[in-house]
Amino acid sequence: MSESGSFKDVRREVAYAYENVKFFKAHMEASSLQPDDINTLADFKRIPVTRKLHYRRNYPSGVLAAGFTLTGPHVMRFQSSGTSGERLNSAILSYDLARRQATSMSVNVKFNALWRPGARPRICRYAPPNCSDVECGIGLTTMEERTLADGTLVLPVAHDLLATPARMITQALDEIAAYDPEILVVDPTHLAFLVREANKLGRTITTTNTLHIVCGYTHLTQVARRQIRHFFGDETPIGNMLGMSELGYLGFECHHGGLHINNQDFFLEFLNEERETALDEIGELVISTIDDSLLPRIRYATGDLYRLLSNPCSCGATLPLVTIEGRSTHNIIRKNGGIVTPADVDLAVADCPAIDLYKLEQDEAGCLRFRYILNQAPSQDLLTLQQRISALCQTRDIIFEAVDYIACERSGKFQSCISRYNGASHP
Amino acid sequence: MTNHFIERSQFPALMQEIDGRPVNYLDSAATTLKPRVMIDAITEYYSQNGANIHRGKHRLSDEASNAYEAARLAVADYICAQANEVVFTQNTTHALNIVAQGLALTKSDLVIAGIDSHHSQLLPWRQVATLRFIQTDDYGRIDLDHFQTLLALRPKVIALTHCSNVTGVVHPIEQMIAMIRKQSDAIIVLDAAQSLPHGRLNLHTLGADFVAFSAHKMLGPTGLGFLYANRQRLDSLKPLQFGGGTVDWVDTDGQISRRAPYHLEAGTPAIASVIGAGATFRMLAGFDETARRAHDRNLVNSLLSGAASRPYLKLIGPSDGENRHAIGAFKFSDCVSVGEIARLLSDAYGIMCRSGYMCAQPFVGALAGGEILRASAYLYNTTADIDALYQALDDLAECMGLPTIN
C-alpha cells in the first residue's frame, strides 16, 4: 500500500471538486460516480485517473473552481512547455505553493533558517525559459517585468543554454547581486553553466544572508552538483526539489541526502498501470491535492516514475522516502527490453571531475550516443567511465564523443538522458 | 449556415484534431494553410522528378524547367503582368531587400514609408537611406495631408503598404500613387503581401514601380516570394547576390548577365516551392472574384460586430468595414497578457491566433501601447469560426474577471 495523506481529506477534496469544478463533475458522472459513492480507498480508485490533456483542454473555465477568477488575489498563473513536451497552462494560489514548499523543505534542517514569521524569503529563479511565466528568454525585459506575483525574480536565460549570449550571463549575475536573494531556485544544469561562466569572468555570487540553492526542473546530476558545490562552498545548503509546474513542491532532499515526498498536502498513489505498486517497485506517481480550493486535482497522473522506499531515512523525517526514476520518455531501452533511467546513468557517471556536462541519447533506431564536454581536469578516468556506461546499457555499441557543445531540448531544458526509441526494433 | 469559400477538406491541416478538438485557424495573415493541390504538386515534383532547372539538356531537367516557368506564368497572369516581370525571391522581405539594396541609395536620400509598415518594409530602407514615416489617424488610416506634406520633401523612394497586417486597413493606394506621380518622380515600392491574397490586382495599371508579395500568405508554400517590376526597373537594380543562374557568359575577365528576371535569381532556387505555387495560383485564378470579395466582407463584418459588443476588448483599427480585409486586432485590459490569451485559445479551444507586435512595433506601440491579439481569417474560414473565437474570448474574459456581455 502506498504512503498517503489522510483519506478523509481526499474524500473532502473529491466532494469539493465535484461541486465546484465543471470538468471533474463530468469526469465523475462519465463513470456514474458521485461523491457519496466514495467511501473506501477501493471506491476512490474507481475514479479514472486524470491527465495533463484533461487540464490543458479544460483550463481555465472547466477546471477553475467556482467563485475564482484568474486575476483574483493570490492567484499565480503560468504556462509550461512540459518536460515531455506536453504544454500546460495552470494556476496556483500563492499560499498553497508556500504551504507545499514549507512542508516539503521541512525535511532539511539546513533550510530551516529561511522560515521566519511574517517574512518570505527572497527568491531568484534561473531555469529553462519555457518553464517560466514571464518573457525571460529575451534579455530586453526588466527585472520588474520578470518579477512574479509572489516576489520571485526570474532571471534572463536563453532557450539554448550553451548558446547564451555573454550579455545575458552578465545580466543574470548582475541581477542576482542586485536582488540579493536568500534562495536560488534553479535548474542545476543551468546553474552549473552559470557558475562556469562566472568563473571565466572572475565573478562570484555573494549575498547578504546565507544563500540556499533549490534544484529542480531536471535531474540533479552529480556532475552538476559537484560544480555548484565547488563554486558556492560546503556551507551553502543545496537541496534537490521534487516538483511540477502545476503543483509546486512535491518533495525535497533532506540533510542526509534522501528524497522525501510530501504526503501531507497531497494524497499519493504509485501505480503500475491500474495496479498499486509494492514498496521499492517503480510506479507512476498519481497525485490528489488536499485543500486546493482554486484548481483541485484528483488522481492526477504525473507521468513521473518513482520508487517508494521501504527503508526509513536516517534523518528522522516523517515524510516518506522515494527515489525518482524519471519519465518513460527519458529511459534508455536495452536490447533485452530492460530500462536504464536517468538516475542509473547519473550513478554510473558519478561526479566525474573531468567533465562539465554530458548527455546519453538513444535515437529512433535504438542507437546510443554519449556526448560529454571536457574541462581542464585530468581525464584519465574517461576510459573507465565509458566502461561503466557500456556495462549499464549492456552494449559496446555506444558512440562516445568529446564535444564542445550540446544543444538543449526545444523546451529549453537540458536532459542528461533521453530516448526517442519506441522499442520496435533494435540494432 | 455553412459559408466556406473553399471546403475545409481541401486543407489537410484542418482535418486533424488537437487534443480532441478541430483546428480553428485564424492566423492567416501570418501564413495561410496549404491546400492539397499544392502539397500534391510539390510531392509529385520530388517523387517523380527532383532534377535541377535551367542547368542541362536531359529530360528530367527539361520537364522541371517547364513546370518551373509555367508557375512564373501563373503568377504573372494573377497580377496581369508579363512573365519576365516576375522575380522569384525567398519571401516579401527578400524582395524588398533586393530593391532597397539595388537602387544605389545613400544616407542623404529620403525614403518615406507608412508608420503601419511591416518591419520588412521599414528596416531595409533604414539601412540605406533616411527614413521618415507617414502618419495614420487613431484608427490606422493613412493621413493623406501628412502624406502630401512629406511628398513636398521630394523623397527618392516611397515605400507603401497596401494593406496593414495589423488592422487589415486597405489604404487608398491608387489615390496615393496618383498624388506621387503628380508631383514627384519618386520610385514607388509597394508591399502587397496582405492585399494580393484577398483579390487579384492589375499591377500594370496600378502603377507602382516595384511590388513585393509572398506565396505563403496566399495558400502557397513558405520560402517563396515575388518581386514584380517592369523590365527596365528590374534591369536597373544592382543584384543583391551573384552566382549560378544569373549570367549568360563568364570568362576570366568578366561576365555577361542574363536578362531579367534571371539576373536577380542567383543559385538553385526553391524549385518545388515554385511548382507548388504554380498550382496554387492556378487554383486562385479559378475563383470568382466577386464571390471571394463577398466572403471576405462577411468575415470582416463578423469580426467587427463581435468586437463591438465586447466591453473587455478594444479593437485596434477602424470600427467600419470599408476598405479592409479580414483582420481583427485587439487589446485587452492591462492585467491580461495577450500572449496568455493566445495560448489559452490554442490549448483549450483549438483556436490559433497571433499575439505580439505583429512585426510592426512602432505602429502597434503607438496605437495599442503594447502587444495585441490578432485574428485573421481567410478563404477556408467561416463566420462560425469567428463566432467560436468570440465565445472562447467571453469564456476567458469571465475567468479573468473582466466585464463580459453576459
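S.K.: Which parts of the structure should I look at to understand the sheet that holds strand β6 (residues 130–134) of chain B?
M.R.: Neighbouring strands of a sheet are bound in pairs by backbone hydrogen bonds; such pairs are parallel or else antiparallel. Residue and element names in this part refer to chain B. Reading across from one edge, β4-β10-β9-β8-β7-β5-β6 is the order of the 7 strands in this open sheet, with mixed pairing throughout. Looking at the sheet topology across the chains shown, the edges are occupied by β4 (86–89) and β6. The sheet shows a mean angle of 20° between the axes of neighbouring strands, taken without regard to direction. Two elements, strand β8 (residues 187–191) and strand β9 (residues 210–214), share 3 bridges in a ladder whose sense is parallel. The residue of β9 that forms the bridge with Asp 191 is Ala 212.

S.K.: Looking at this structure, I do not really get the environment of Ala 119 of chain A. What am I missing?
M.R.: Mapped onto the fold, Ala 119 of chain A is located in the loop between α5 (94–105) and β3 (123–126). For the pair Ala 119 of chain A and Val 186 of chain A, spaced 67 residues apart in the sequence, the C-alpha separation amounts to 21 Å.

S.K.: Where do I start with the sheet that holds strand β14 (residues 321–327) of chain A in this structure?
M.R.: One open sheet holds the 12 strands; their spatial order is β4-β3-β5-β6-β7-β8-β9-β14-β13-β12-β10-β11 (chain A), and the pairing between them is mixed. The sheet terminates laterally at β4 (153–154) and β11 (275–276) of chain A, the two strands that pair on one side only.

S.K.: Help me understand the domain arrangement of chain A, please; the structure alone is not making it clear to me.
M.R.: Interface size, as often reported, equals the accessible area lost upon joining of the parts. Residue and element names in this part refer to chain A. Domain parsing of chain A yields domain 1 (7–324) and domain 2 (332–419). In this structure, domain 1 and domain 2 have C-alpha centres spaced 26 Å apart. Secondary-structure elements contributing two or more residues to the side of domain 1 that touches domain 2 are α7 (188–201), α8 (222–232) and β14. Element by element, the count of residues in the side of domain 1 that touches domain 2 is highest for α8, at 4 residues. Broken down by class, the residue content of the side of domain 1 that touches domain 2 amounts to 8 nonpolar, 12 polar and 4 charged.

S.K.: Mind showing me how you'd approach the interface of chain A and chain B here?
M.R.: Across the boundary between the two partners, chain A contributes 16 residues, which contact 12 residues of chain B. For the side of chain A that touches chain B, the secondary-structure elements that each account for two or more residues are α4 (52–58) and β1 (75–80) of chain A. Looking at the side of chain A that touches chain B element by element, the count peaks at 4 residues for α4 of chain A.

S.K.: Can you help me understand the packing of helix α2 (residues 59–78) of chain B against helix α9 (residues 271–285) of chain B in this one?
M.R.: Each pair of packed helices can be described by the angle between their axes along with the distance between the axes. All names here are of chain B. One way to put it is that α2 packs onto α9 with a least axis distance of 8 Å and a crossing angle of 40°. Put simply, α2 runs oblique to α9. Crossing of α2 against α9: the hand is left-handed. Where α2 abuts α9, its residues Ala 64, Ala 67, Tyr 68, Ala 70, Ala 71, Ala 74, Val 75, Asp 77 and Tyr 78 lie against Ile 271, Val 274, Ile 275, Ala 277, Gly 278, Phe 281, Arg 282, Leu 284 and Ala 285. Tallied by class, the residues present in the contact of α2 with α9 amount to 15 nonpolar, 1 polar and 2 charged.

S.K.: Looking at this structure, how should I read helix α1 (residues 36–48) of chain B?
M.R.: Residue and element names in this part refer to chain B. Spanning 13 residues, α1 covers 17 Å between terminal C-alpha atoms, matching the ideal 18 Å at 1.5 Å per step. All of the buried residues in α1 are Met 38, Ala 41, Ile 42 and Tyr 45. An end-on view of α1 places all buried positions within 90° of arc, on one side of the element. The exposed residues of α1 that point more than 90 degrees off its buried face are Asp 40, Ser 47 and Gln 48. Those residues of α1 hidden inside the fold are in contact with α2 and α9. Looking one or two residues beyond α1, the residue adopting positive phi is Gly 50, at roughly 85°.

S.K.: What's the story with the environment of Val 14 of chain A in this structure? I'm lost.
M.R.: If you trace the backbone, Val 14 of chain A turns up in helix α1 (residues 7–20). Distance in space between the C-alpha atoms of Val 14 of chain A and Met 143 of chain A is 40 Å, their sequence separation being 129 residues.

S.K.: Please explain the environment of Ser 184 of chain B as it appears in this structure.
M.R.: All names here are of chain B. Residue placement: Ser 184 occurs in the loop between α6 (173–183) and β8. You can call Ser 184 partly exposed: it has 16 C-beta atoms within 10 Å. For the pair Ser 184 and Arg 154, spaced 30 residues apart in the sequence, the C-alpha separation amounts to 6.6 Å. Non-local contacts of Ser 184, meaning those with residues more than four positions away in its chain, are made with Leu 151 and Arg 154.

Thresholds, definitions, all that
Residues numbered from 1 in each chain as written. Chains lettered and ligands numbered in written order. Predicted model: local features only at pLDDT ≥ 70, side-chain atom pairs only at ≥ 80, totals over all residues. Pairing = 2+ DSSP bridges. Helix = DSSP H or I, 4+ residues; strand = E, 2+ residues; numbered from the N terminus. Axes fitted to C-alpha atoms, helices over the stretch in contact; angles between N-to-C directions. Domains from an automatic or database assignment. Nonpolar A, V, L, I, M, F, W, Y, C, P; charged D, E, K, R; others polar. Contact = placed C-beta atoms within 7 Å. Parallel < 35°, antiparallel > 145°, perpendicular 65-115°, else oblique. Left-handed = near helix turned anticlockwise from the far one by under 90°. Expected span 1.5 Å × (residues − 1). Buried ≥ 20, exposed ≤ 12 C-beta atoms within 10 Å, placed from the backbone. Arc of directions from axis to C-beta.

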